Amino acid sequence: MSGILDSSTSSPQKYFALCVQNSFTQEYPHEVNVEIQYIDDRKVIKAHCSCLGGSDGRCKHSVGVLLYLGRKTLNSIETLGCTDIRQQWGQIKQKVVEAYSAEPFDSFCHGAQCETKYMKNPNMSQYIYRTLCRANPESELSLHAQYTRSSSDELEVNNNESNCKVPNRVLKSLLSIPNTKSRTRVLCNLNPVYTYPNSSASGDNGILRFLKNNLWESYLEHFPMNIKTAAQAIFYNRSVVIKEERAKEILFKTITKNNPLWHAARRLRITGSICYYMFTYMSNNHDLDDWIKKLETLYMSSFKGNAHTFRGNQLESTAIRAYHEKTGYTIEKAGIVILHNTPWLGFSPDAIADGDTLVEVKCPKNDNKLRADELVKCQSYIKLLPGGELKLSPKHDYYGQIQLGLCMLNLRRVHLVIYEGENGSCAYVEVQRDELFMHKLVQTLSSCYFTYVLPWLTQKHEKMAIINST
């Protein structure tokens, strides 16, 4: 529907039109104003549309109206005011709705479903979708998924410290907590883009690629991130949320591990060494008291290590060197990885080989002085398959640990290295990504963190604050 607001030939000529919203046909249409005038033999066209992108007149609705006017003569366009056109819309609305009524896709000749001999698996469909997006982050599929979520499910929040996007469901849950709006900073950037310069003389920029992975888009699309109290929100924002520069600093300063910063970062998060215990504990029906005891054991233990852990720490660098000599792979070292979009998780890789392989080193006890290729077969967590193939048991905590590492670092495989220090031999078992397990693992750990870990950490922090103030 359109009309000319003034039928005289004087310049400028002003037109008004209604353009049906193709996604919301029953809603009131977009209003488009067009002004055409001639200045020094040049035609100047100005347009404005009521849609979100129509302020500069370059939206599709403005273009559609201009195309329509281009096919009409001045005399064929009715002289109507804005009020007249709006009244006409009320009269013909039902006809427009019927004309644009939605029909199921399979009712069309080209939409018929073909029978398939393959069993449909929704988990496999999600796996294929995520794999395609991850393999081609610049593809139209990936970009469409990213920007569709950004425009429909998130709310931009401007802050002096950061410019973050927080899902509406998270923001609403926080703003519903009394007195948190003014005291709580934004949670975290759930769609981060890391653009570090490639000018580092030390070459350390290579490992910064690990901070680019976004678990939220890949594994937490429908995760209800619930923070129940104002105290939890404040503690989470101040202690757990991490900015990209701080994540980079921690990544480099904790390469040596076992330093105060490494321990401090781990005490606030679910890390690889405890993730499988959390994962399996969540599968059972434990009450709150059980969880408190479990968390006390995992986070507050006075255990400083034993002969076995001391041996592993002492031999790790030597084992990685032996692995390098055996394989010829390029080795990179990284400290604890904390992703900006999921700061409640952390992982410390032993090494990364050739840019796509996570290296995890184990130095088991070897009373029989076996070489590594024989020692690996004696480990309870390694299964010897027919044909001599070695496989890591999926029901061992090492499996959960390395799958979390693969997931967070976005690597394709793991080499679980078994090193024997007496004779300097090493062997490794290759473990591939397990997408279905990763999806369940990340979902379960995230639920565990906000249901049990964050409330417990917040309470501990409050008690320590009271003690320090007295």
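To keep things clear, this report deals only with the structure shown in the data block. Because the structure is a prediction, the values reported are computed rather than measured. The residue numbers shown here count from 1 along each chain, following its written sequence. Only residues with pLDDT of at least 70 are given local features in this predicted model, and only at 80 or more are side-chain atom pairs given and counted; all residues enter the totals for whole chains, interfaces and linings. With hydrogens and water excluded, all non-hydrogen atoms of the structure serve as input to the side-chain values.

**Comments concerning the sheet that holds strand 8 (residues 331-332)**
Adjacent strands of a sheet pair through backbone hydrogen bonds, lying either parallel or antiparallel.
Argument step 1. One open sheet accounts for five strands, arranged 8-10-11-14-15; its pairing is mixed. Only two strands of the sheet have a single neighbouring strand rather than two, namely strand 8 and strand 15 (425-432).
Argument step 2. Two elements, strand 10 (residues 351-353) and strand 11 (residues 357-362), share three bridges in a ladder whose sense is antiparallel. Bridge pairing in strand 11 links Ala351 to Val359. Strand pairing requires that DSSP identify at least two bridges connecting the strands. Strands here are runs of E lasting at least two residues and helices are runs of H or I lasting at least four, both read from the DSSP assignment and numbered beginning at the N terminus.

**A closer look at the packing of aromatic side chains**
Argument step 1. Between rings of Phe, Tyr and Trp, where Trp is taken as its six-membered ring, a pair exists when centres lie within 6.5 Å; planes separated by under 30 degrees are stacked, by over 60 edge-to-face, and by other angles tilted. This model, assessed by the stated rule, comprises 14 aromatic pairs.
Argument step 2. Where Phe223 meets Phe450, the ring centres are 6.1 Å apart and the plane angle is 45°; that geometry is what we call tilted. Of this pair, Phe223 sits in the loop between helix 6 (215-219) and helix 7 (230-240) while Phe450 sits in helix 15 (residues 435-469), placing them 227 residues apart in sequence. Here the two residues Phe223 and Phe450 agree in accessibility, since each one is buried.
Argument step 3. One aromatic cluster is present, formed by Phe223, Tyr236, Trp344, Tyr449 and Phe450 through successive ring pairs. Residue exposure (1.4 Å probe, protein chains only): buried if accessible area is under 20% of the type maximum, exposed if over 50%, otherwise partly exposed.

**Looking at the pairing of strand 11**
Argument step 1. Most of strand 11 sits inside the fold, with six of its six residues counted as buried.
Argument step 2. Of the two faces of strand 11, the one carrying Thr357, Val359 and Val361 and the one carrying Leu358, Glu360 and Lys362 are both buried.
Argument step 3. In this sheet, strand 14 (residues 413-420) lies alongside strand 11 in parallel orientation, the contact comprising six bridges. Paired with Val361 across the bridge in strand 14 is Val417.

**What to know about the side chain of Gln403**
Argument step 1. Mapping Gln403 onto the fold places it in helix 14 (residues 397-409).
Argument step 2. Owing to a relative accessible area of 0%, Gln403 belongs among the buried residues under this scheme.
Argument step 3. Any pair of N or O atoms that falls within 3.5 Å is considered a polar contact. Within protein, one atom must be able to donate a hydrogen and the other to accept it, and sequence-neighbouring residues count only if both atoms are side-chain atoms. At 3.1 Å, the side chain of Gln403 forms a polar contact with the backbone nitrogen of Asp434.
Argument step 4. In this analysis, two residues are considered to be in contact whenever any of their non-hydrogen atoms come within 4.5 Å of each other. With near-sequence residues (within four places) excluded, Gln403 lies in contact with Val431, Gln432, Arg433, Asp434, Phe437 and Met438.

**A closer look at the pairing of strand 15**
Argument step 1. Pairing of strand 14 with strand 15, which is carried by eight bridges, proceeds in the antiparallel orientation. Residue pairing across strands places Val417 opposite Tyr428, the latter belonging to strand 15.
Argument step 2. The hairpin turn running from strand 14 into strand 15, its antiparallel successor, is four residues long, and Gly424 in that turn takes a positive phi close to 70°.

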